[in-house]
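Commentary on secondary and tertiary structure
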Amino acid sequence: MFESALKTHTPHHPSEWIQIRTTELTLRDRAKNPVQHRSGDLPRRREMESENAAEETTSSQLSSLLPLSSASPSQQPYVSELLSFTLDRLHKEPELLRVDAERIRRQMQEVAVGNYRAFISAADALLAIREEVSAIDNHLESLINEIPKLTSGCTEFIDSAEQILEKRKMNQTLLANHSTLLDLLEIPQLMDTCVRNGNYDEALDLEAFVCKLSTMHPKLPVIQALAAEVRQTTQSLLSQLLQKLRSNIQLPECLRIIGYLRRIGVFSDYEMRLQFLRCREAWLTGLLEDLDQRNPYEYLKGMINCQRMHLFDVVNQYRAIFSDDTSGSEENYDGGLIFSWAMHQITSHLKTLKFMLPKITEGGSLSNILDQCMYCAMGLGWVGLDFRGLLPPLFEEAVLNLFSKNMSTAVENFQVVLDSHRWVPLPSVGFPANSFGDDSQEDVTPPSYLMEHPPLAVFVNGVSAAMNELRPCAPISLKHLLAQELIKGLQAVSDSLLRYNTTRMLRESESGLFLALCRAFIEVAYPHCATCFGRCYPGGGALIMDAKNLYDGIGRLLTVSPSRDLIKPANNAEEKSISQNGDSPVVENGVMPGVEQTEGTDADEKEKSPTLQTEERHSDVL
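Please read all numbers here as calculations on a predicted model, not as lab measurements. (Residues numbered from 1 in each chain as written. Predicted model: local features only at pLDDT ≥ 70, side-chain atom pairs only at ≥ 80, totals over all residues. Heavy atoms only, no water.)

1. As for the overall build of the protein chain
Helix and strand content of the protein chain: 26 helices and 2 strands. In the protein chain, which comprises 622 residues, the proportion classed as buried is 37%. Sequence separation of at least 24 residues holds for 75% of the intrachain contacts in the protein chain that already meet a minimum separation of 6. Here the protein chain has roughly 36,200 Å² of accessible surface; of this, 56% comes from carbon and sulfur atoms. (Helix = DSSP H or I, 4+ residues; strand = E, 2+ residues; numbered from the N terminus. Buried < 20%, exposed > 50% of the residue type's maximum accessible area, 1.4 Å probe, protein only. Contact = heavy atoms within 4.5 Å. Areas by Shrake-Rupley, 256 points an atom, 1.4 Å probe, with all protein chains shown as cover.)

Rendered as structure tokens:
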């Protein structure tokens, strides 16, 4: 190992020669017998020194070439020595240095080989010492780190010992007052039993006693824990009292419950009033939710009866319990909290009416609901909640919607029957000779003549059904609107007939039957509808008859049609029997032989303006 480290190396650079020479000089100084090591070199060195004086010029030049400032302190003596050498001496110096280096290396090898065990032992000892020192250092650090824990452990031990002593003293005191504490600790259980059994007075007495103890001993944990349990029981008592307010109770029970709530002292006076109204409203809402909404009529009846009876009771109860209602503060005074709450209930009642009334399809049911609402409003008027003035708009809208829906149904049924009708003449049933538009007529039965024209019979039946639904509940304010709805239905029938004549290609016999149906619409169905409307509204028939211009198109159609088209069906009516139209029977469509065009109509047709005649020709083309 040492031999490989000391292999011969020939220096090639001046600095390497300087280092070798410096090492040699250092070894000389440290040698015990320098004369022994360098005895052969002394005569040679004296000879060289004698030659130095002869070549000072060369030395000065060499000193300028060798930088002394860059040499290390250990190399400066040798560099100074080199500067004093002659040129020949300098040429010999490398060889001398090489010989010295070889000798030094051999000596070092001999020393390493001779003492390698000591070197190894010294290295092992040094390594072991380093490891031991590191271990000692680690142990010292651990010890330093554990010292604070030991200190804290001692402190905790002292603290725990003090706490144990305090607990021992407390246990001794507890043992001395065991019976008293046991009685106090049983108070929450006793109070809970009183609440469950309905003994609210005793429960409130216990609650007041515990509150007094808590005030007297605010720093005792037992008393504060006891007060906390009593407060939880008080919350249960409060929930039970509020739940009783949400049930069907009378005025004495209400007074008793409000008295208990005032003793508890959880609510202010305004909050007490508000809680009372909220609980009573929750009870009323529960009653309404129990009603069956699938039947609108029964639901509205039940709702009106509930509002009539229970809303009246709630208002009286509130006024009896809270005699001076100012709704909390004079700034917000607007007639009292009960007024705002009652208005909320009435508004909700009216919204429900507005939502449910369109679902009622019978006029009699609407009339009954209106009577009950009026009776309810009149009863609530005793406590200042008369809302009869708010009912007419709701029922007027419901009546108008019901009548419009019935008229639309009548027109749709007429259109369906007209589209599927087969024009076959049938035996004549008869034609009444009296005036159909007379409002003084007592009999409003549909004319039997309409049986010869099934589409018109279906329409008149629909109109009669709409009038029957209208009569029980016919608001005077809707007279003109309902008249417009009826006129709109008659106009739809007239337009349907004109459209049918334009879009269908009828044979001569079928055309005569169709024209007979159009004449029956003008002379029988239209006056009959006006008469029926006049039975619902006095003078209503005149409103309908004043709108005769809606069937001018049919009148022109009858005027421009050949007279034979109107007479031929009547001549053949007695010869044809009843025929079948699909699965349903088809009623005859003949015209009475005695039915003729009135002179007034002929005169009106002759006096038509050229513009009207142009329109007639245009309709004929269509």
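2. Side note on a negative patch on the surface
A surface patch of negative charge is lined by E156, D159, E162 and E166. As for its position among the elements, D159 is in helix α8 (residues 116-176). According to the relative accessible area criterion, D159 is partly exposed, its value standing at 37%. (Patch = residues over 30% accessible without salt bridge, like charges linked within 9 Å, V, L, I, M, F, W, Y side chains within 5 Å. Salt bridge = Lys/Arg side-chain N within 4 Å of Asp/Glu carboxyl O. Lys, Arg positive; Asp, Glu negative; His and termini not counted. Charge placed at Lys NZ, Arg CZ, Asp CG, Glu CD.)

3. Let's talk about the nonpolar core
Counting residues in each nonpolar core, the largest one holds 122 residues, and the members touching the most others are L353, L357, I369, F459, L486 and L497. No other element matches helix α21 (residues 508-536), which puts 16 residues into this core. Those residues in contact with I369 that lie beyond four places of it in its chain are Y297, L300, K301, I304, L353, L357, I360 and F395. L82, F85, L90 and L97 belong to the second largest nonpolar core, which has 5 residues in total. (Core = buried A, V, L, I, M, F, W, Y, C linked by side-chain atoms within 4.5 Å.)

4. As for the environment of F414
Within the element layout of this structure, F414 appears in helix α18 (residues 391-419). Taking the C-alpha atoms as reference, F414 lies 9.1 Å from S496; in sequence the two are 82 residues apart. Among all residues touching F414, those that are not within four sequence positions of it are P455, L456, V458, F459, V493, S496 and L497.

5. Thoughts on the pattern of salt bridges
Applying the stated rule across the entire model yields 14 salt bridges. In this structure, the salt-bridge partner of R388 is D386, at a minimum N-O distance of 2.7 Å. Note on D386: relative accessible area 39%, which makes it partly exposed. Here the residues in one salt-bridge network are D201, D205 and R263, joined through shared partners.

6. Some remarks on the side chain of R280
You can see R280 is positioned in helix α14 (residues 269-289). The charged side chain of R280 is buried without a salt bridge, its nearest counter-charge being D313 at 7.1 Å.

7. Re the packing of aromatic side chains
Overall, the coordinates contain 9 aromatic pairs when judged by the stated rule. Ring plane angle 40° and centroid distance 6.3 Å describe the contact between F276 and Y318, whose orientation is recorded as tilted. Taken together, the positions of F276 in helix α14 and Y318 in helix α15 (residues 296-321) put the pair 42 residues apart, joining distant regions of the chain. The class for F276 is buried, based on a relative accessible area of 0%. Within the aromatic cluster, the residues linked to one another by ring pairs are F276, Y318 and F322. Over the ring of F85 we find R89; its NZ or CZ atom is 4.2 Å from the centre of that ring. (Phe/Tyr/Trp six-rings, centres within 6.5 Å; stacked < 30°, edge-to-face > 60°. Lys NZ or Arg CZ within 6 Å of the ring centre and 35° of its normal.)

8. Some thoughts on α14
Owing to its 3.6 residues per turn, the α-helix brings residues three or four apart onto one side. For α14, built from 21 residues, the straight-helix expectation of 30 Å at 1.5 Å per residue is met to within 8% by its first-to-last C-alpha distance of 30 Å. The secondary structure elements touched by the buried residues of α14 are α12 (221-245), α13 (251-264), α15 and α16 (337-356). (Expected span 1.5 Å × (residues − 1).)

9. Overview of a nonpolar patch on the surface
Where nonpolar side chains cluster on the molecular surface, the patch consists of I136, L140, L143 and I147 and spans about 380 Å² of accessible area. Note on placement: L143 falls in helix α8.

10. Regarding the packing of helix α20 (residues 479-503) against α21
For any two helices packed against each other, the geometry comes down to the angle between their axes and how far apart the axes lie. Remark: α20 packs on α21, axes separated minimally by 12 Å, with the N-to-C direction vectors making an angle of 175°. Regarding the angle of α20 to α21, the classification is roughly antiparallel. Each of K479, L482, A483, L486, L490, V493, S494, L497, Y500 and N501 in α20 lies in contact with α21, whose residues at this interface are F514, L517, C518, F521, Y526, C529 and F533. In terms of residue class, the contact of α20 with α21 is made up of 14 nonpolar, 2 polar and 1 charged. (Axes fitted to C-alpha atoms, helices over the stretch in contact; angles between N-to-C directions. Parallel < 35°, antiparallel > 145°, perpendicular 65-115°, else oblique. Nonpolar A, V, L, I, M, F, W, Y, C, P; charged D, E, K, R; others polar.)

11. A short note on the confidence of the model for the protein chain
In the predicted model, the protein chain carries a mean pLDDT of 76, and 73% of its residues have values of at least 70. In this model residues 30-47 is a low-confidence stretch, pLDDT under 50, and it forms 17 contacts with partners more than four residues away in sequence or in other chains. Taken together, the stretch residues 50-68 has pLDDT below 50 and engages in 18 contacts with residues farther than four places along the chain or on a different chain. (pLDDT = per-residue confidence, 0-100.)

12. Some details on the environment of D386
Relative to the assigned elements, D386 resides in the loop between α17 (363-380) and α18. Counting along the chain gives 11 residues from D386 to Y375, while the straight-line C-alpha distance between them is 9.8 Å. Discounting residues that sit within four places of it in the chain, D386 has contacts with A377, M378, L380 and G381. Of note is the side chain of D386, whose polar atom sits 2.7 Å from the side chain of R388. (Polar contact = N/O pair within 3.5 Å; in protein donor to acceptor, adjacent residues only side chain to side chain.)

13. Some details on the environment of A225
Tracing the backbone shows A225 in helix α12. For A225, a relative accessible area of 40% translates into the label partly exposed. For the pair A225 and L185, spaced 40 residues apart in sequence, the C-alpha separation works out to 9.4 Å.

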